[in-house]
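Residue-level structural notes
Chain by chain, the residues run as shown.
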Amino acid sequence: ANDGKNERKITTRPILVRISDAVFSSDGKSVIFASGQSLNAANEFGLTQIDLQTGIESDYISEKFFDIIKLAWLPDTDELLITASKTPNKNFHIWLISKAQNEAMALTKDSESYFSISLDNEAKMIVSTQVKPDFQLEIFETNNPSVTPQIPATAMFATFAPNGKLVFSSAMSGNDEIWSIQPNGTERKQLTNNAADETSPIVSPDNN
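Residues numbered from 1 in each chain as written. Predicted model: local features only at pLDDT ≥ 70, side-chain atom pairs only at ≥ 80, totals over all residues. Heavy atoms only, no water.

So, the environment of Val167
Considering the arrangement of structural elements, one finds Val167 in strand β14 (residues 166–170). Residue classification places Val167 among the buried positions, given a relative accessible area of 9%. Once the C-alpha coordinates of Val167 and Ile181 are considered, the two residues, 14 residues apart in sequence, prove to be 6.6 Å apart. Excluding residues that lie within four positions of it along the chain, Val167 makes contacts with Phe157, Ala158, Thr159, Ala161, Ile178, Trp179, Ser180, Leu191, Pro201 and Val203. (Helix = DSSP H or I, 4+ residues; strand = E, 2+ residues; numbered from the N terminus. Buried < 20%, exposed > 50% of the residue type's maximum accessible area, 1.4 Å probe, protein only. Contact = heavy atoms within 4.5 Å.)

Now the structure itself:
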């Protein structure tokens, strides 16, 4: 209620499945929400509509995505704008969702990733945020803290191998893969190459 009372749970999902965003329908009688999981590189994120009075759920459209971040309602229609990614393309694009046609159409097809999205009252202007990863691989000299050599590679997770090499995960190739490099920046080598995301490498004691 408007005074914060009579709170009730509308719906829930099991562990590993998450609800990322939700919007009221134009008549206020139902809610459309995005839910799914993105742990297996498959397209299992979908849009569901739930009737607020009966609690009955139904697919808003049959199309599935790798991940859905944000929903925005187009006024006086059954259409939504969403920011979502679809395997094998990991970039998040702006999609037009039509319930009547059971269709999802990508409105952006560039190399940028669009995350949050919002519309003005007349749906004539869109504002969206873009996220560009800029993680850098650096070595911190404990005996000389003023020296922090930067390695020519972007990385999310990194570890030292027993032989002194750096092994790290990076999306430099367009997908999260495992790489190795010498601490001086030489001998950079990509070690994995597949559609799934590889992160958090651990090197065996024999360096193999």
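Some words on the sheet that holds strand β6 (residues 79–86)
Across the sheet, four strands lie side by side as β5-β6-β7-β8; this open sheet has antiparallel pairing. The sheet terminates laterally at β5 (67–73) and β8 (103–106), the two strands that pair on one side only. Shown here is a sheet whose adjacent strand axes are inclined to one another by a mean of 30°, direction ignored. Across four bridges, the pairing between strand β7 (residues 89–98) and β8 is antiparallel. Bridged to Ser98 within β8 is Glu103. (Pairing = 2+ DSSP bridges. Axes fitted to C-alpha atoms, helices over the stretch in contact; angles between N-to-C directions.)

Quick notes on the pattern of salt bridges
Evaluated as defined, the whole model comprises six salt bridges. Between Glu187 and Lys165 there is a salt bridge, and its shortest N-O distance comes to 3.8 Å. Of the two residues, Glu187 is situated in the loop between β15 (177–181) and β16 (189–190) and Lys165 in the loop between β13 (157–160) and β14; the sequence distance between them amounts to 22 residues. Given a relative accessible area of 49%, Glu187 falls into the partly exposed group. Residue Lys165 is classed as partly exposed on the basis of its relative accessible area, which comes to 24%. (Salt bridge = Lys/Arg side-chain N within 4 Å of Asp/Glu carboxyl O.)

What is shown is where atoms sit, not what they do.
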